[in-house]
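# Coordinate inspection notes
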Amino acid sequence: MLRTVVAGFKARPLRQLLSATAITLGVAFVAGSFVLTDAVGAGLRDAVAFETRGVDASITAQRGAGLDDTILGRVRQVPGVAAAEGRATVSAPTLGPDGRARDAAATALGTDEKLRPYDLVEGRFPSTAGEIAIARTSLADVALGGAVTVLDDTGERHALTLVGVFDRPVDAGLGGANLVVSQETLRRLDPVATVGEIVVRAAPGVSQTKLVADLKQAVGGTGISVATGREAAARLLHETAPNAPGSVKFFTAFAVLAMVVAAMVISNSFTILVAQRSRGLALLRCVGAGKRQVFAGVLAEAAVVGTAASAAGLFGGLGVAAALQAIAGQENIYLPLTARTVIAAPAVGILVTAFAAALPAWSATRVTPMEALRTPGDGPTARAGRPRVVASAVLLVGGVGTGVLALQSEVDDAAPLVVAAMVALLGATLAAGPLIAGPVVRVLARLTPGQPAKLAALNACRNPKRTAASAAALTIGLAVVTLATTVAAGVEAGRSRGLDEQLAADFMVTSAVITRPLPDALADTLAKVPGVDATTTRRSFSGDLGKYGSYEVSAVRGDLIRPKVLSGRFDLGPGQIAIHKDLAQSTGLAVGDALQTERASLRVVAIYDGVTMAGIDLGFAVVDLAQQPTIAPNEKSYDESVLVKLASGADHAQVEASLRRDLSSAPLAMLKSITEIKDDASAPIRESLNLMWALTALAVLIAFAGIANTLSLSVLERTRESALLRALGLTRTGLGATLTVESVFVALLGAACGLLVGLGSAWLITEVVASGGDTIAFAPPWERLGVLLSAAILAAPLAALLPARRAGRGSLAAALQE
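Residues numbered from 1 in each chain as written. Predicted model: local features only at pLDDT ≥ 70, side-chain atom pairs only at ≥ 80, totals over all residues. Heavy atoms only, no water.

So, on to the pattern of salt bridges. Scanning the entire structure with this criterion turns up 15 salt bridges. Where Arg53 meets Asp119, a salt bridge forms, and the shortest distance between an N and an O atom there is 2.5 Å. With Arg53 in the loop between helix H2 (13-51) and strand E1 (57-61) and Asp119 in strand E7 (residues 119-123), this residue pair connects regions lying 66 residues apart in the sequence. Accessibility expressed as a relative area gives 26% for Arg53, which makes it partly exposed. Overlapping salt bridges, with partners in common, bring together Arg562, Arg569 and Asp571 in one network. (Salt bridge = Lys/Arg side-chain N within 4 Å of Asp/Glu carboxyl O. Helix = DSSP H or I, 4+ residues; strand = E, 2+ residues; numbered from the N terminus. Buried < 20%, exposed > 50% of the residue type's maximum accessible area, 1.4 Å probe, protein only.)

Listed below in structure tokens is the structure:
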């Protein structure tokens, strides 16, 4: 049997190569997902190492304490200290070419080169006041020697000369300053800038532990924390990576998707291979091979193919990870190859191949010796039976029933029901595939003129199980894409709708420095601009809510912000307060309840829910602007905005130009239209969606590889039949067109089923989530889905290209003897 398996490999290299392609793609996706997961951690670790390089000790202050030059001087006098720097970062917006303020942060240049968390790329670092260096990723259209306008915390402009460009990791989420200036310039930008951390470099021969012990004796005390460089790096890594488990689950989910699709393709491929070799297996049975030997032979063949393809897929995964990082716009590409990836990814490929080939191998044991005497083509075609009809009906009823139950449940309880309903609906669709494949293909054939369409329908209907299995891989891939795309579009549409419902404004003005308030009279000034109908002022601050503690509270004057009112009336006046639904749930407050603070007694008049976004976020409670002093302990606002509504018929561009002219006296004020605000809110969703499309595109690629694989194997299976058609007058072009049309029919079947399942699941999710009060809408992105369907149809002829060429090659006489 071993020699027989080896001989089979030599005799059928192309068939094994086709099966190996699907395995390679699936393993490449799994390996790429593992590498991407590890790359997130590797990038973060590199960024943390860059930020803490040269640091042997880190001194930070807890709340209520502070670091200053006095402490820094004492640190430098401690024995064993080679250098010490105080790191202070201040908000320093820059003016762009359009004259608009842009967020930026500045830090002072450290005197010790080994403690600088940035590397010089071009020019030099600032040496005197009036000079500046900019991060390479933030560099605008300014050449070395040009002027960069920076705003201080009062809005005063400072013209600084660009003398250098530096580089630092920015893709790991650490943030940090993108401007470097001298100490003198930093004091000009913010005279009260405080040191957030003192970093210390040890002298040669001094350990971090000894250095920290000496520093604790010199400067340690209440509110002052001293840690080794390793401890500081570990703390920064822990604080910066709270979402790492979510990333792992995200990539793992798509890895599972890829392997499910690949498993279906592999199973379909081996099923066809076993069917093609039925006479050969029957001959083996005739010469004495037992069922166990046949089963082991087919599995051994699958194991060899799976092992070789998995090894190739492992290295292909590195390319997948690199491509996806490039698509996501990451500047630094990380390709860590860990033991988990090297062992797990090929193991998954081998195991999936073995399980996928197990059923065809078991079918091979049922081949009787009499099959060797049967003429090819005499066997019955594979039809769907009653058990499949029953299974499809049960899954469909179960999915619909679970979905109805989810719609009537609370959001938390409905989550597992929604997942169960989606899985059941997908299972019903896949189970019903052989039942609907024939009718659907016949309808498509009637709608498509020409003899190739009729022949394609006959080929597809001959074995509806195989046709459905080829389409199933595409169904799963497109169902996931459609689901994720529609839900993401629903979140975006819901947020946009929430903004439209909550805001009756056309523009919003915010401060480039979040801690710096806008001018008090700005709303009144803008209200006088021709074409402006009304303005509203909103301020956020830490409010004292009596026994309930301090919460983020907003004070509003005007009626351009109208959140979704769940109960009561949102009409605020003296002694009244509206609270967010989360605050109401956690405190038990309801409309009509009294809330006693240190300075005033407030009555709850409304419970609301609203869009959470900078500039319009109302926090946990809202009061009238005149009520702010009664509940603000320090009366300081940290986030302000002014909303502007235009009069009916006003020229939008003309009024915008007038608003910008009036805002020239407030350089920190940034003007944005509602359209820009919506784009900013949707940007993270679009980035996630693009990454998801890139990931799922690989699963769809595997599905089309499966279609090409199935067609190629069916061409080999129908060699004699194709030759007979050519002998009867069918040209090579006609034979190729038949296979191409058959591929299109399979793609249409899979795409249609995938779109229906994806849209149905997305509708169920949006309805359940919306019932919980979240802003989400069922708004399918028809343009994207149209592109998706068009891509599937256009990719189908490409999948049939090689099978069509093979079908038309070779001599008729040799083919008729097959």
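Summed over the entire model, instances satisfying the criterion amount to four aromatic pairs. What links up through ring pairs into an aromatic cluster is the set Tyr118, Phe125 and Phe166. Above the face of the Phe50 ring, Arg53 is positioned so that its terminal group lies 4.3 Å from the ring centre. (Phe/Tyr/Trp six-rings, centres within 6.5 Å; stacked < 30°, edge-to-face > 60°. Lys NZ or Arg CZ within 6 Å of the ring centre and 35° of its normal.)

If you trace the four strands from one edge of the open sheet to the other, you get E2-E12-E1-E13, paired in antiparallel fashion. The sheet terminates laterally at strand E2 (81-87) and strand E13 (224-228), the two strands that pair on one side only. For this sheet, the mean inter-axis angle between neighbouring strands, taken without regard to orientation, is 20°. Where E1 lies against E13, five bridges are found, and the strand directions are antiparallel. In the sheet register, Thr60 faces E13, and the bridge partner there is Ser225. Where helix H5 (residues 208-219) meets the sheet, its contacts fall on E1, E2, strand E12 (197-202) and E13, and the angle it forms with E13 comes to roughly 170°. (Pairing = 2+ DSSP bridges. Axes fitted to C-alpha atoms, helices over the stretch in contact; angles between N-to-C directions. Contact = heavy atoms within 4.5 Å.)

On to a nonpolar patch on the surface. A cluster of nonpolar side chains, namely Leu337, Val342 and Ile343, defines an oily patch on the protein surface of about 260 Å² accessible area. In this structure, Leu337 sits in the loop between helix H9 (291-327) and helix H10 (339-365). Given a relative accessible area of 41%, Leu337 falls into the partly exposed group. (Patch = residues over 30% accessible without salt bridge, like charges linked within 9 Å, V, L, I, M, F, W, Y side chains within 5 Å. Areas by Shrake-Rupley, 256 points an atom, 1.4 Å probe, with all protein chains shown as cover.)

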